[in-house]
Amino acid sequence: MSMFDAALVSTELSKRTSIFGLRLWVLIGILLGSFIVLALFLLSLWLTSRSKRRKPKHIHSTTTTMPPITKEIQEFAFVDNENHKHINQHAPQLQEIQVDAGKTEHRVVLSTRESRGACETNTASIGSANARPEVSHLGWGRWYTFRELEAATNGFCPENVIGEGGYGIVYRGILGDSTRIAVKNLFNNRGQAEKEFKVEADAIGRVRHKNLVRLLGYCEEGAYRMLVYEYIDNGNLEQWLHGDVGEISPLKWDIRMNIILGTAKGLAYLHEGLEPKVVHRDVKASNILLDRHWNPKISDFGLAKLLCSERSHVTTRVMGTFGYVAPEYAYTGMLNEKSDVYSFGILVMEAITGRSPVDYNRPKAEVNMVDWLKSMVSNRKSEEVIDPKLPEMPASKALKRILLVALRCIDPDASKRPKMWQVIHMLEADDLLFRDEQQILREASISNHDYE
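Definitions and cut-offs
Residues numbered from 1 in each chain as written. Predicted model: local features only at pLDDT ≥ 70, side-chain atom pairs only at ≥ 80, totals over all residues. Heavy atoms only, no water. Helix = DSSP H or I, 4+ residues; strand = E, 2+ residues; numbered from the N terminus. Buried < 20%, exposed > 50% of the residue type's maximum accessible area, 1.4 Å probe, protein only. Areas by Shrake-Rupley, 256 points an atom, 1.4 Å probe, with all protein chains shown as cover. UniProt positions renumbered as here; feature names shortened; annotations may be inferred. Axes fitted to C-alpha atoms, helices over the stretch in contact; angles between N-to-C directions. Left-handed = near helix turned anticlockwise from the far one by under 90°. Contact = heavy atoms within 4.5 Å. Pairing = 2+ DSSP bridges. Polar contact = N/O pair within 3.5 Å; in protein donor to acceptor, adjacent residues only side chain to side chain.

Student: Help me understand the overall build of the protein in this model?
Tutor: Summing up its helical and strand segments, the protein has twelve helices and 14 strands in all. Counting only residues that meet the buried cut, the protein has 51% of its 452 residues in that class. Taken as a whole, the protein presents about 22800 Å² of accessible surface, with 54% of it coming from carbon and sulfur.

What follows is the structure in structure tokens.
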């Protein structure tokens, strides 16, 4: 190109155009830049859609109406007799009831390698830290590799988190054979992962019951400690009682009673059907998983204790969730199955009222659910304790029965609380008669001098 041609091109590019008076070379630059930006935008959209298509379609929430997962906060209760009497998880002084049902004595021996003394301690002490749990003649469980579980949970991605507790995160996933699973990845930086791993593996690895979540296997690889459970796809009781479910709860009265009865059967099996018996130690709404038919399954045995039949209790560090811990356990550390019965009673009240055991957002007189419920019953306002989100009121007889069960379970005297098989009988017996409301009123009106 000659110098004359170059000058001519430069002159043409410097001419002003009719578009905002911009010079031609400026306009060409703007158009070229816009084209580049548009091309990059379209490229990013294509990459994003491709990434979404590559994600497994089976790893997603199956219930669009399920309340969102709430982060669970593990609270530990440590109560000093002299300085903490105000915690006072009040329960009425009750009378014994006569139950004419016989107790079944079917037992399953969990393990034969523990000594008598070992039954008095946390099962975390059983076995060496690096040993894999033995596969017994009952044939429970499978050892999974880290790669298997990583692939099943899509790299443990946050989108697959379905629960988070004090010692680990639970992910949903699917194995290569299309088995849906829940994987609890235990935190190993808090010194508790090994203990919780051993507790759950030894306590429920060999146990099968329709109201207990099934432990399918485990991963013990390097520093990783993971437990693999069957996947329960309808959330937990806490979500459905306290989550955003709208003005009308899908948990009808019959559904709530079915959940309570199933939970009672699961606990009765732990207490009466096993040797050594298992004390769960953390019975609460968030540990009651629900399937599509609202059938309950007790989960999270990380705090469980084994108790030999000849021992009435063990003394241990107080652990549990505030609001559910039995008073004698909180004060003395003495633990037995009656501690679970107390927690179950709180759970029953929670299911009836739709309230949390302790709620500081409520008026002062209603912060403690137990105190409030007893006051309402004493003032003959039993029907007013019902969860306002219930679509229908229960029958008077059904309400009286469940209130009586709850009040008996939280008796401050542990020896007067019913056993879980007795609770089941009270829940199922149609011939449980009430002369009038005086029986329940006596239960709720007993003074709280035991704690004052």
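Student: What is the right way to read the UniProt feature "binding site: ATP" (unreviewed entry) in the protein from this model?
Tutor: Within this structure's numbering, the places UniProt gives as "binding site: ATP" (unreviewed entry) are Lys184. Along the chain, Lys184 falls in strand β5 (residues 180–186).

Student: Would you explain the packing of helix α8 (residues 337–353) against helix α10 (residues 396–409) in this entry?
Tutor: For the pair α8 and α10, interaxial distance at closest approach is 7 Å and the crossing angle is 145°. For the pair α8 and α10, the sense of crossing is left-handed. Between α8, through Val341, Tyr342, Phe344, Gly345, Val348, Met349 and Ile352, and α10, the contact on the second element is made entirely by Ile402, Leu403, Ala406, Leu407 and Cys409.

Student: Hey, could you run me through the sheet that holds strand β2 (residues 142–143) in this one?
Tutor: Within a beta sheet, neighbouring strands are joined by backbone hydrogen bonds and run either parallel or antiparallel to one another. Overall, mixed pairing links the six strands, which are arranged β2-β6-β7-β5-β4-β3 in an open sheet. Since the sheet does not close on itself, it has two edges, and those belong to β2 and β3 (161–164), each with one partner. Of the pairings in the sheet, the one linking β5 to strand β7 (residues 224–230) comprises five bridges and is antiparallel in character. Within β7, the residue paired with Ile181 across the bridge is Glu230.

Student: Explain the pairing of strand β4 (residues 168–174) to me, please; I cannot follow it from the model alone.
Tutor: Each regular strand shows side chains that alternate between the opposite faces of the sheet. Taking burial as the measure, the seven residues of β4 include six buried ones, the bulk of the element. As defined by bridge partners, β3 adjoins β4 across three bridges and the pair is classed as antiparallel. Among the inter-strand pairings, Val161 is bridged to a residue of β4, identified as Tyr171. Sheet analysis places β4 next to β5, joined by seven bridges and oriented antiparallel. By the bridge assignment for β5, Ile174 is matched with Arg180. In textbook terms, the turn of a hairpin is the stretch between consecutive antiparallel strands, and for β4 and β5 this stretch comprises five residues, one of which, Ser178, has a positive phi near 75°.

Student: Which parts of the structure should I look at to understand helix α9 (residues 369–378)?
Tutor: Most of α9 is tucked away: seven of the ten residues are buried. Buried within α9 are the following residues: Met369, Val370, Trp372, Leu373, Lys374, Met376 and Val377. For α9, the N-terminal capping position is held by Asn368, with its side-chain oxygen 2.9 Å away from the main-chain nitrogen of Val370. Arg380 sits one or two residues past α9 and shows a positive phi near 55°.

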